[in-house]
Amino acid sequence: MEFPINKGAGKGVEFKGLTTMYLFIFVGGLVTILLGVIVLYLAGAGQWVCIFSGLLSGSLLVWLVFRLNARYGEHGLMKRMAEKRHPRYLIRRKRLFRLLTKRKES
């Protein structure tokens, strides 16, 4: 079974419709879920509890990542995160008169 990873030169990585950033989120989430299930099993939880929680959290992860990919696109999530870091407005605390007059250098 072969899966096409790249669809052309200069284009980003795409796998099953997921673009670059969402692939990293998806893989990181799957690794986290796997480690969580292992820790849960080693803590003494039942086998079916571990399987059920792994399947539930895995399906939630798949749904969330594909939803984010469909909503924001390839670069939209990065733009959204960058938008939150910008200030909504700039504050200039000098008086208008000081802005309009030139200062004499000593």
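The rules we used
Residues numbered from 1 in each chain as written. Predicted model: local features only at pLDDT ≥ 70, side-chain atom pairs only at ≥ 80, totals over all residues. Heavy atoms only, no water. Axes fitted to C-alpha atoms, helices over the stretch in contact; angles between N-to-C directions. Helix = DSSP H or I, 4+ residues; strand = E, 2+ residues; numbered from the N terminus. Parallel < 35°, antiparallel > 145°, perpendicular 65-115°, else oblique. Left-handed = near helix turned anticlockwise from the far one by under 90°. Nonpolar A, V, L, I, M, F, W, Y, C, P; charged D, E, K, R; others polar. pLDDT = per-residue confidence, 0-100. Patch = residues over 30% accessible without salt bridge, like charges linked within 9 Å, V, L, I, M, F, W, Y side chains within 5 Å. Areas by Shrake-Rupley, 256 points an atom, 1.4 Å probe, with all protein chains shown as cover. Salt bridge = Lys/Arg side-chain N within 4 Å of Asp/Glu carboxyl O. Lys, Arg positive; Asp, Glu negative; His and termini not counted. Charge placed at Lys NZ, Arg CZ, Asp CG, Glu CD. Expected span 1.5 Å × (residues − 1). Bend = angle between axes of the 7 residues up to and from the residue. Buried < 20%, exposed > 50% of the residue type's maximum accessible area, 1.4 Å probe, protein only. Contact = heavy atoms within 4.5 Å. Core = buried A, V, L, I, M, F, W, Y, C linked by side-chain atoms within 4.5 Å.

Asker: What is the right way to read the packing of helix H1 (residues 20–42) against helix H2 (residues 47–85) from this model?
Answerer: Think of two packed helices as two axes; the pair is described by the angle between the axes and how far apart they sit. Contact pair H1 / H2: the axes reach a minimum separation of 9 Å and the direction vectors enclose 160°. By the angle between their directions, the pair H1 and H2 is classed as roughly antiparallel. Handedness of the crossing formed by H1 with H2: right-handed. Its residues assigned to classes, the contact of H1 with H2 shows 18 nonpolar, 8 polar and 1 charged.

Asker: What exactly am I supposed to notice about the confidence of the model for the protein chain here?
Answerer: Regions with low pLDDT should not have their predicted coordinates read in detail. When pLDDT is averaged along the protein chain, the result is 81; 77% of the residues meet or exceed 70. Per-element confidence in the protein chain is highest for H1, whose mean pLDDT is 91, and lowest for helix H3 (residues 96–100), whose mean pLDDT is 67.

Asker: For this particular structure, what's the right way to read a positive patch on the surface?
Answerer: A cluster of basic residues, Arg67, Arg71, Arg80 and Lys84, forms a positive patch at the surface. Structurally, Arg67 is set in helix H2.

Asker: What exactly am I supposed to notice about the environment of Ala70 here?
Answerer: Take Ala70: it is sitting in helix H2. Ala70 sits 52 residues away from Leu18 along the chain, and the two C-alpha atoms are 8.9 Å apart.

Asker: It is not clear to me how H2 should be interpreted in this structure. Could you clarify?
Answerer: The periodicity of an α-helix, 3.6 residues per turn, causes residues three or four positions apart to be oriented the same way. Here H2 contains 39 residues, and its C-alpha end-to-end distance of 43 Å is more than 12% below the 57 Å for a straight helix at 1.5 Å per residue. Along H2, the largest kink reaches about 90° and is centred on Tyr72. Among the residues of H2, Cys50, Gly54, Gly58, Leu61, Val65, Asn69, Gly76 and Leu77 are the ones counted as buried. For H2, the secondary structure elements touched by its buried residues are strand S2 (18–19) and H1.

Asker: Explain H1 here, please?
Answerer: For H1, built from 23 residues, the straight-helix expectation of 33 Å at 1.5 Å per residue is met to within 8% by its first-to-last C-alpha distance of 33 Å. Three or more residues of H1 are buried, namely Met21, Tyr22, Leu23, Phe26, Gly29 and Ile33. Gly44 sits one or two positions beyond H1 and adopts a positive phi of about 110°.

Asker: Hey, could you run me through the nonpolar core in this one?
Answerer: The nonpolar side chains of soluble globular proteins are, as a tendency, buried together. Judged by nonpolar contacts, Leu18, Met21, Tyr22, Leu23, Phe26, Ile33, Leu61, Val65 and Leu77 together constitute the single largest core of 9 residues. Listed by contribution, the elements that provide at least two residues to this core are H1 and H2. Top contributing element to this core by residue count: H1, with 5 residues. Sequence-distant contacts of Phe26, that is, excluding residues within four places in its chain, are made with Leu18, Leu61, Val62 and Val65.

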